[in-house]
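In case you want the letters, here they are:
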Amino acid sequence: MTSGLAFALSALILSGPIVAFVPIGGGVSTHVSITGTALLQKVTETCRAVAEAAGHEFKPTGPSPGELVQACLGPTATGEVSGVKFYSALQEIYTQNGLVDWNFANSAPHHFNSEAFLEGRSLITNGMASIKANIRTENFKAARETLGRVLHTLQDFYSHSNWVELGYTEPYIALIRPDLPLENLADIDTATCSDCATGTCPNPILQNILNERKLTSGYMGILSAGKPQGKCSHGGEADLSSTALPRGGISKDQSRSDNEAFHNAAVNAATAASLQLLEDIRLTVGNNDFLRLMGISRSSVVCFVIDNTRSMSDDIEEARKAVYKIIDTKKGTQDEPSEYILVTFNDPHFGPLFRTTDPDKMKAKISKIKASGGGDVPEMCLSGLQLALTGSPASSHIYVFTDATAKDIHLKNTILALIRSTKSTVSFYLTAGRRRRRRSVRAASFNDYKDLALASGGQAIHVSKSQLAQATDVILDTSTSALVTVFQSVRDPGKPETFPFMLDESLKNITVYITGESIAFTLTNPAGVSQSNIETVGALALIETVGNLRRIRLHSDHQQGSWKININSKQPYTIKVTGQSTISFIYDFVESFKGPHPGYAVLSGLPQAGQPATLILSTLGRKGPSSISVENVGLLVSDTGAESNGMTTEMGNGDILVTVDAVPAGEFVVTLKGTDKVSSGAFQRQSTTQLSVSKVNIQATVDRSAEPGVKFNLPFSVMTQGPGGTFTISGRNDRDFVMSYPKSLSLTTGTYSNGTLTITPPSNTPSGTDVTLTLEARSSNGVDSNYAVLRLSVVTKITDFVQPVCDVVSVFADDCPHDMSQCTFFDWKLSANLTDGNGTGIESIALRQGDGTLSYTSLSEPSIQASYNAPCCSQIVEFVAIDQVGNVGKCYHSIVRSTGHAALIPSLPFWLCLLMSVFLFGP
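Residues numbered from 1 in each chain as written. Predicted model: local features only at pLDDT ≥ 70, side-chain atom pairs only at ≥ 80, totals over all residues. Heavy atoms only, no water.

### Notes on the overall build of the protein
1) Next: A tally of helices and strands in the protein yields 18 helices and 39 strands.
2) Next: A compact globule built from 923 residues would reach a C-alpha radius of gyration of about 29 Å, and the protein, at 29 Å, matches this within 12%.
3) Next: Along the longest, intermediate and shortest principal axes, the C-alpha atoms of the protein span 85 × 75 × 60 Å.
4) Next: Counting only residues that meet the buried cut, the protein has 58% of its 923 residues in that class.
5) Next: At a minimum sequence separation of 6, the contacts of the protein that also span at least 24 residues come to 72%.
6) Next: Between the averaged position of the 74 positive side-chain charges in the protein and that of its 85 negative side-chain charges there is a distance of 7 Å. (Helix = DSSP H or I, 4+ residues; strand = E, 2+ residues; numbered from the N terminus. Rg over C-alpha atoms; globule rule 2.2 N^0.38 Å. Buried < 20%, exposed > 50% of the residue type's maximum accessible area, 1.4 Å probe, protein only. Contact = heavy atoms within 4.5 Å. Lys, Arg positive; Asp, Glu negative; His and termini not counted. Charge placed at Lys NZ, Arg CZ, Asp CG, Glu CD.)

### Digging into helix α4 (residues 84-103)
1) Next: For α4, which comprises 20 residues, the first-to-last C-alpha distance of 27 Å matches the rise-based estimate of 28 Å (1.5 Å per residue) to within 8%.
2) Next: Burial runs high along α4: 16 of the 20 residues are buried. (Expected span 1.5 Å × (residues − 1).)

### Side note on the state of the cysteines
1) Next: Tallying each qualifying case throughout the model produces six disulfides.
2) Next: Across a sulfur-sulfur distance of 1.9 Å, cysteine 193 and cysteine 232 are joined as a disulfide pair. Around the S-S axis, the bridge from cysteine 193 to cysteine 232 shows a dihedral of about 95° and counts as right-handed. Here cysteine 232 lies in the loop between α8 (207-211) and α9 (260-285) and cysteine 193 lies in the loop between α7 (140-160) and α8, a separation of 39 residues in the sequence.
3) Next: A residue is classified by how much of its surface remains accessible, and cysteine 193, at 9% relative accessible area, is buried.
4) Next: For cysteine 232, a relative accessible area of 0% puts it in the buried group.
5) Next: A sulfur-sulfur distance of 2.0 Å marks the disulfide that ties cysteine 806 to cysteine 891. (Disulfide = S-S within 2.5 Å.)

### As for the environment of threonine 524
1) Next: Along the chain, the position of threonine 524 falls in strand β10 (residues 520-524).
2) Next: Accessibility expressed as a relative area gives 11% for threonine 524, which makes it buried.
3) Next: Threonine 524 sits 16 residues away from leucine 540 along the chain, and the two C-alpha atoms are 8.1 Å apart.
4) Next: Once residues lying within four places of it in the same chain are set aside, the contact partners of threonine 524 are Val529, Ser530, Leu540, Trp563 and Lys564.
5) Next: At 2.9 Å, the side chain of threonine 524 and the side chain of serine 530 are in polar contact. (Polar contact = N/O pair within 3.5 Å; in protein donor to acceptor, adjacent residues only side chain to side chain.)

### Focus on the pairing of β10
1) Next: Pairing of β10 with strand β14 (residues 561-568) involves five bridges; the strand directions are antiparallel. Bridge pairing in β14 links phenylalanine 521 to isoleucine 567.
2) Next: Summarising the sheet, β10 and strand β11 (residues 530-532) pair through three bridges and their orientation is antiparallel. Across the sheet, leucine 523 pairs through a bridge with glutamine 531, a residue of β11.
3) Next: Where β10 folds back on β11, the antiparallel hairpin that results is connected by five residues, among which glycine 528 adopts a positive phi of roughly 90°. (Pairing = 2+ DSSP bridges.)

### Some words on the packing of helix α6 (residues 117-136) against α9
1) Next: At a closest axis distance of 10 Å, the pairing of α6 and α9 adopts a crossing angle of 35°. Considering the relative orientation of α6 and α9, their crossing is right-handed. Together, Ile124, Met128, Ile131, Lys132, Ile135 and Arg136 of α6 and Leu277, Asp280, Ile281, Thr284 and Val285 of α9 make up the contact between the two elements.
2) Next: Along the lines of polarity and charge, the residues of the contact of α6 with α9 split into seven nonpolar, one polar and three charged. (Axes fitted to C-alpha atoms, helices over the stretch in contact; angles between N-to-C directions. Left-handed = near helix turned anticlockwise from the far one by under 90°. Nonpolar A, V, L, I, M, F, W, Y, C, P; charged D, E, K, R; others polar.)

### Looking at helix α3 (residues 65-73)
1) Next: Across the nine residues of α3, eight count as buried, placing the element largely inside the fold.
2) Next: Within α3, burial applies to Pro65, Gly66, Glu67, Leu68, Val69, Ala71, Cys72 and Leu73.
3) Next: Looking one or two residues past α3, glycine 74 carries a phi angle of roughly 100°, positive in sign.

### Notes on the environment of valine 301
1) Next: Among the structural elements, valine 301 can be located in the loop between α10 (287-293) and β1 (302-307).
2) Next: Through-space distance from the C-alpha of valine 301 to that of serine 767 is 24 Å; in sequence the pair is 466 residues apart.

### As for the pattern of salt bridges
1) Next: Enumeration over the complete set of coordinates arrives at 43 salt bridges.
2) Next: The salt bridge involving arginine 292 is made with aspartate 289; its shortest N-O contact spans 3.3 Å. Of this pair, arginine 292 and aspartate 289 both sit in helix α10, separated by three residues, roughly a single helical turn.
3) Next: With a relative accessible area of 18%, arginine 292 lands in the buried category.
4) Next: Taking the shortest distance from any N to any O, the salt bridge between aspartate 328 and lysine 363 comes out at 2.7 Å. One end of the pair, aspartate 328, is in helix α11 (residues 313-330); the other, lysine 363, is in helix α12 (residues 359-367), with 35 residues separating them in the sequence.
5) Next: For lysine 363, a relative accessible area of 22% translates into the label partly exposed. (Salt bridge = Lys/Arg side-chain N within 4 Å of Asp/Glu carboxyl O.)

### Examining the nonpolar core
1) Next: Within the largest apolar cluster, 63 residues are counted, with the highest numbers of intra-cluster contacts made by Leu147, Tyr158, Leu277, Met294 and Ile296.
2) Next: When residues of this core are traced back to their parent elements, those giving at least two are α2 (30-54), α3, α4, α6, α7, α8, α9 and α10.
3) Next: Considering each element in turn, this core owes the most residues, ten residues, to α9.
4) Next: Non-local contacts of isoleucine 296, meaning those with residues more than four positions away in its chain, are made with Val43, Cys47, Val69, Cys72, Leu73, Phe86 and Leu291.
5) Next: Counting 53 residues, the second-largest nonpolar core is a separate cluster that includes Ala417, Leu452, Leu617 and Tyr787. (Core = buried A, V, L, I, M, F, W, Y, C linked by side-chain atoms within 4.5 Å.)

### Some points on the sheet that holds strand β17 (residues 599-602)
1) Next: Here we have five strands laid out as an open sheet, ordered β17-β16-β18-β22-β21, and antiparallel in their pairing. Of all the strands in the sheet, just β17 and β21 (647-652) have a single pairing partner and so form its edges. Each strand axis lies, on average, 35° off the axis of its neighbour in the sheet, ignoring direction.
2) Next: Contacting β16 (584-593), β17, β18 (613-620) and β22 (655-660), α4 runs over the sheet at an angle of about 5° to β16.

### With respect to the confidence of the model for the protein
1) Next: Residues at a pLDDT of 70 or more form 91% of the protein, whose mean pLDDT is 87.
2) Next: Counting contacts from residues 22-29, a segment whose pLDDT is below 50, to residues more than four positions away or on other chains yields 32 contacts.
3) Next: Residue range residues 898-923 is modelled with pLDDT below 50. Its contacts to residues more than four positions away, or to other chains, number 54 contacts. (pLDDT = per-residue confidence, 0-100.)

### Quick word on the packing of α2 against α4
1) Next: Where α2 contacts α4, the axes come no closer than 10 Å and their chain directions differ by 145°. In this structure, α2 crosses over α4, and the sense of that crossing is right-handed. Across from His31, Val32, Thr35, Gly36, Leu39, Leu40 and Val43 in α2, the residues of α4 making contact are Phe86, Leu90, Ile93, Tyr94, Asn97 and Asp101.
2) Next: Looking at side-chain class alone, the contact of α2 with α4 contains eight nonpolar, four polar and one charged residues.

### Some points on the side chain of arginine 491
1) Next: Residue placement: arginine 491 occurs in strand β7 (residues 483-491).
2) Next: We classify arginine 491 as buried; its relative accessible area is 3%.
3) Next: Only 2.9 Å separates the side chain of arginine 491 from the backbone oxygen of serine 638, close enough to count as a polar contact.
4) Next: In terms of polar contacts, arginine 491 uses its side chain to reach the backbone carbonyl oxygen of aspartate 639, at 3.4 Å.
5) Next: Not counting residues up to four positions away in its chain, the partners in contact with arginine 491 are Glu497, Phe499, Gln571, Pro572, Tyr573, Ser638, Asp639, Thr640 and Gly641.

### Some points on the pairing of strand β38 (residues 876-883)
1) Next: Most of β38 sits inside the fold, with eight of its eight residues counted as buried.
2) Next: Along β38, one buried face is formed by Ile876, Glu878, Val880 and Ile882 and the opposite face, lined by Val877, Phe879, Ala881 and Asp883, is buried too.
3) Next: Count of turn residues in the β38/strand β39 (residues 888-894) antiparallel hairpin: four residues, of which glycine 886 carries a positive phi of about 100°.

### Structural notes on the packing of aromatic side chains
1) Next: For the coordinates displayed, the defined rule picks out 20 aromatic pairs.
2) Next: Aromatic side chains phenylalanine 304 and tyrosine 399 sit 5.8 Å apart centroid to centroid with 40° between the ring planes, which places their arrangement in the tilted category. Of this pair, phenylalanine 304 sits in strand β1 while tyrosine 399 sits in strand β4 (residues 397-402); the two residues are 95 residues apart in sequence, bridging distant segments of the chain. A single burial state applies to phenylalanine 304 and to tyrosine 399, both of which are buried.
3) Next: Taking 6.3 Å as the distance between ring centres and 85° as the angle between the ring planes, the aromatic pair formed by phenylalanine 499 and tyrosine 573 counts as edge-to-face. Here tyrosine 573 lies in strand β15 (residues 573-580) and phenylalanine 499 lies in strand β8 (residues 497-503), a separation of 74 residues in the sequence. As far as the burial class goes, phenylalanine 499 and tyrosine 573 line up, both buried. (Phe/Tyr/Trp six-rings, centres within 6.5 Å; stacked < 30°, edge-to-face > 60°.)

Spelled out as structure tokens, the structure:
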């Protein structure tokens, strides 16, 4: 990476001088800086490798996430390419990194405090195994969450131990290599520090510890000042042990005049270690899946949930045509979906979930759906939707096709929680179908689908089966890159009203959607030109009506400025304005926390009622966050238009801390208004997902993975700020694993009550399986409730930590000329044996460097013979062998030939070149 590009990319995450190892939102954030620097460097390396392999140049036009993603995707990404998914992936990792300081503040292994080296190393290596298993099963969100936590623990080693005081500048490779011993650890009886009365001594480590190169770390006393005699403390106001002899501390979390050199060395080592860990993951999963882990893809995921009962044969055919149309019109463009997902349902069956990045495989899969059975409505629609929501990435577009109500209506609150947690958009295509119902726990109706669509920012489209082909054009609109919502609102009951909205110069392909019955409207542009609903082809737009949907596609000229649409109806209706633009934002509601490293934690459920709400909002402009200015952030009630404006505090790099004194009652969305500095014009954006407030709070944390066949206990706590009493507890998981939990808890206002959920994954659960848990607490009168959505990874216990081994059998390079101008006419060859010893066996072998051809014998053999042939111009070969559990072995070889202008190393005798061949195992 060039220094200029490195500086530009670092600007994405660096918000000031590096002064403290603190979590996200805690001011200047070195954990975020270290993590961001490492992630961006590794993403850049990966993008460059992918681009070179595809035969095009990787050359970002600027430092913004969108420009980086566009360069990474290559020359086909010629239109609007948004960096939202990439930026969101980074934020997920940063957030989980910071939460370690909240959820595990008093856990020595999570921070390498109190000489907990073996336990800390286990957290890292077990976490790495979980990450690799998750990626292999395409559970990228779970992998990102674990990655954030693992990186925090790894980085803390360099700040909390005496590694840099011992003179080491490189990372401690044994922390990510469980097959290597942790050596020279100070035992419990060995004194390690001298007394520091001022608390800020340059280096209180005892000289004999430095001479013997003993490894120690500071003891952290959050609840007690006690520590073993003679041991170092962590230090700082939150560490009670720092006042006990020997006083002071060795933490390098903060840069001070007495430890600036050690702090900087710790930052450098932690950054290098983070890169080392990321490279190990990248080698295991490959470049493409590593980029998917980082959220780098062309556009949103498109997910279909289809009722496959007999009456749905026409609907299935139209859904099939919609998929074919998306694939055929968008394949190879920047709007090509990054992934396709399909879930079918009927009664009593639903699923399994099918996913693929290959459009031809999606075509083949959907072509095999056959309509059969049915006749006894309702169906298992919400079970299929739950599977789609938990199996799709965040912010996916999900389309449900059905002609029946939901039998499993008891899942409605769970679906609402998943929609709000994932910020995915769900639209229903409801066709006139079966009328006969049988009794269910609660009579479901199409209004339940409408509620879910509104909560997600999607639409409930009622059409006849003959109209479905027209209605599916909405899928083409929304399965695009850089899709943003400009404005949306709902009126129930309906009333005549005029809705203003601002269109900016960056917006393309602007579409207005109105759903409802008996709708009349007039659209007016900034110049005062109007078009009514009866003019299907007018001065401003093309208007298409299908069922209860009006689709208004604005002409591409003269769009910028203040528009308005007047709707005249007393029936319920919704309005939504969308377009394509790289001006966007992401947000999370947060709560502050105290402790050694205070910061902000993302809320799992709804904001608290009766209290100020805080959110962290990250903006993205056409040329990065600095290319827009934010003027207003507010919470807009969807069905009244009432707005609560927030007080904003710039946190740097486009991140804004927003505080709203009074959260509005009812369902609301987040609004953003500002100025695009590129065009000097005003813009507005809205979030799609509707939220509300609650007086209930649920706290629960998943701190490790589960094992197949082993019970997993998840403690949780529930509190209410409203009236106390008995609250109903309900828990669900998307895998139908056996669970137990208290069905109710007695709550006292302002006090947490505790419970434990136990879940047991079956013994045959594949390693890497991701389980989504939803916990809900509801008051006895049903007035107030809240939820927590958690992800649990099921990972088979790893016992194989040995990496594959490479032994060179022969190298034939005598024919390679000294005159490199003749190198294309000659070849060289290498033969090697690859083995995995007593491990799980080699799963894959891949070429990483070299322009030659790599071949090898069957991977099922205990010893694999590999052959490499290359032109003499290509003097380096590197290939990797990965075993069944993700251990990586690397083979590297260089033939050495002098040239008239440049050479790898000076020419040497061939036998000496062989001796100098390097075979590396590990990262």
